[in-house]
Amino acid sequence: MRFLVLYGTTEGQTRKIADFVTTKLKDRGDIVAMIDAADVPWDMRPQDYDAAILAGSLHAGVYQTPLIHFARKHHEALNNMPTAFLSVSLSAGRKDAEDLRGMTACADRFQKDSGWKPSEVHHVAGAFRFAEYDFFKHWMMKVIAWERGMKTAGVVELELTDWDALRHIVGSFHERAAAAPKHAA
Ligand SMILES: Cc1cc2nc3c(=O)[nH]c(=O)nc-3n(C[C@H](O)[C@H](O)[C@H](O)COP(=O)(O)O)c2cc1C
């Protein structure tokens, strides 16, 4: 199958996640185009693929602007094929109901704003990447980590992504996409 894996990232964790997804699909024999939403070729069409996985990360409740633009521009084609949305956040690494409600509301708003209705939405825990933050973000993120009881002294990165769970998500989506009726290009 031909898969599109398109991602938006700010500090790099969603690129790492997209890379992992791409590797797992290729391991299954799929042909995969992995594309940064900030660098989409002008002639790229989702309908040239059998299925698509889009991924973006939350910053102050919103995803990357190029990802929103892409989903808005191509929502009709995307709605006509098997698609999955990976919403990357720190809330996804938490278990409490308020975090769950918040990240669900962000993903719902993205769908409403773009018109894209993903076949499935998955919340994937991201990472603290202290080396990528400016002075203010660095301290803000240190405080957030400290509030969660995490030790950050001398730590450059704290990764919360559950790679086993993600492997399972990719495998299940591959099976569902393979079983879906083929769309007209
Ligand atoms: C300035 C800033 C704002 C953030 N806002 C949110 C947020 O609103 N909700 C959330 O769950 N995570 C939030 N995060 C955490 C990021 O979603 C998380 O670090 C993710 O791994 C970033 O992915 P990226 O490296 O691909 O950009 C924020 C992180 C930063 C640095």
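All values derive from a computational prediction rather than experimental measurement.

1. Re the site of the ligand
Here's step 1: Taken together, 21 residues lie around the ligand, and T9, T14, L58, S91 and A127 are the ones closest in.
Here's step 2: Contact between the ligand and S57: an oxygen atom at 2.9 Å from a side-chain N or O atom of the residue.
Here's step 3: When the ligand is considered free in solution it has 640 Å² of accessible area, and contact with the protein chains removes 88% of it.
Here's step 4: Contributing elements (two or more residues each) for the shell around the ligand: α1 (13-27), β4 (83-89) and α5 (135-147).
Here's step 5: When its residues are assigned to classes, the shell around the ligand shows eight nonpolar, 11 polar and two charged.
Here's step 6: Formed jointly, the shell around the ligand draws a minimum of three residues from each of two domains, domain 1 (2-126 + 162-179) and domain 2 (129-160).

2. Quick notes on the packing of α1 against helix α6 (residues 163-179)
Here's step 1: At a minimum axis separation of 10 Å, α1 and α6 run at an interaxial angle of 50 degrees. Taken together, the axes of α1 and α6 lie oblique to each other. With respect to the hand of their crossing, α1 and α6 are arranged in right-handed fashion. Contact with α1, carried on its side by Q13, K16, I17, F20, V21, K24 and L25, involves W163, L166, R167, V170 and H174 of α6 and no other residues of that element.
Here's step 2: Residue composition of the contact of α1 with α6, by class: seven nonpolar, two polar and three charged.

3. Focus on the pattern of salt bridges
Here's step 1: Taken as a whole and judged by the stated rule, the model has 11 salt bridges.
Here's step 2: Among the salt bridges present, the one from D99 reaches R94, with a minimum N-O distance of 3.0 Å.
Here's step 3: Here R94 falls in the partly exposed class, since its relative accessible area comes to 34%.
Here's step 4: Put simply, R176 and E120 hold a salt bridge, and the shortest N to O gap is 2.8 Å. Separated by 56 residues along the polypeptide, R176 in helix α6 and E120 in strand β5 (residues 120-125) bring together distant segments of the chain.
Here's step 5: Residue class for R176 comes out partly exposed when judged on its relative accessible area of 45%.
Here's step 6: Several salt bridges converge on common partners, so that one network encompasses R94, D96 and D99.

4. Describing the side chain of D99
Here's step 1: Positionally, D99 belongs in helix α4 (residues 97-114).
Here's step 2: Accessibility expressed as a relative area gives 16% for D99, which makes it buried.
Here's step 3: Residues within four places of D99 in sequence aside, it is in contact with S91 and R94.

5. Structural notes on the domain arrangement of the chain
Here's step 1: The domains assigned to the chain are domain 1 (2-126 + 162-179) and domain 2 (129-160).
Here's step 2: Between domain 1 and domain 2 the total buried area reaches about 950 Å² when both faces are included, carbon and sulfur atoms providing 47% of it.
Here's step 3: If you look at where domain 1 meets domain 2, you find eight residue pairs in polar contact (both at pLDDT 80 or more).
Here's step 4: For the side of domain 1 that touches domain 2, the per-class residue count stands at three nonpolar, four polar and four charged.

6. Considerations on α5
Here's step 1: Here α5 contains 13 residues, and its C-alpha end-to-end distance of 19 Å stays within 8% of the 18 Å for a straight helix at 1.5 Å per residue.
Here's step 2: Listing the buried residues of α5 in full gives M141, K142 and A145. Along the axis of α5, the buried residues cluster in a sector spanning 110 degrees; they form a single face. The exposed set on the far side of α5, more than 90 degrees from its buried face, consists of F136, W146 and E147.
Here's step 3: Tucked into the core, α5 has its buried residues touching β6 (127-129).
Here's step 4: Positive phi shows up at G149, right after α5, with a value of about 75 degrees.

Calculation rules
Residues numbered from 1 in each chain as written. Predicted model: local features only at pLDDT ≥ 70, side-chain atom pairs only at ≥ 80, totals over all residues. Heavy atoms only, no water. Near = heavy atom within 4 Å. Polar contact = N/O pair within 3.5 Å; in protein donor to acceptor, adjacent residues only side chain to side chain. Areas by Shrake-Rupley, 256 points an atom, 1.4 Å probe, with all protein chains shown as cover. Helix = DSSP H or I, 4+ residues; strand = E, 2+ residues; numbered from the N terminus. Nonpolar A, V, L, I, M, F, W, Y, C, P; charged D, E, K, R; others polar. Domains from an automatic or database assignment. Axes fitted to C-alpha atoms, helices over the stretch in contact; angles between N-to-C directions. Parallel < 35°, antiparallel > 145°, perpendicular 65-115°, else oblique. Left-handed = near helix turned anticlockwise from the far one by under 90°. Contact = heavy atoms within 4.5 Å. Salt bridge = Lys/Arg side-chain N within 4 Å of Asp/Glu carboxyl O. Buried < 20%, exposed > 50% of the residue type's maximum accessible area, 1.4 Å probe, protein only. Buried area = accessible area lost by both parts, 1.4 Å probe. Expected span 1.5 Å × (residues − 1). Arc of directions from axis to C-beta.

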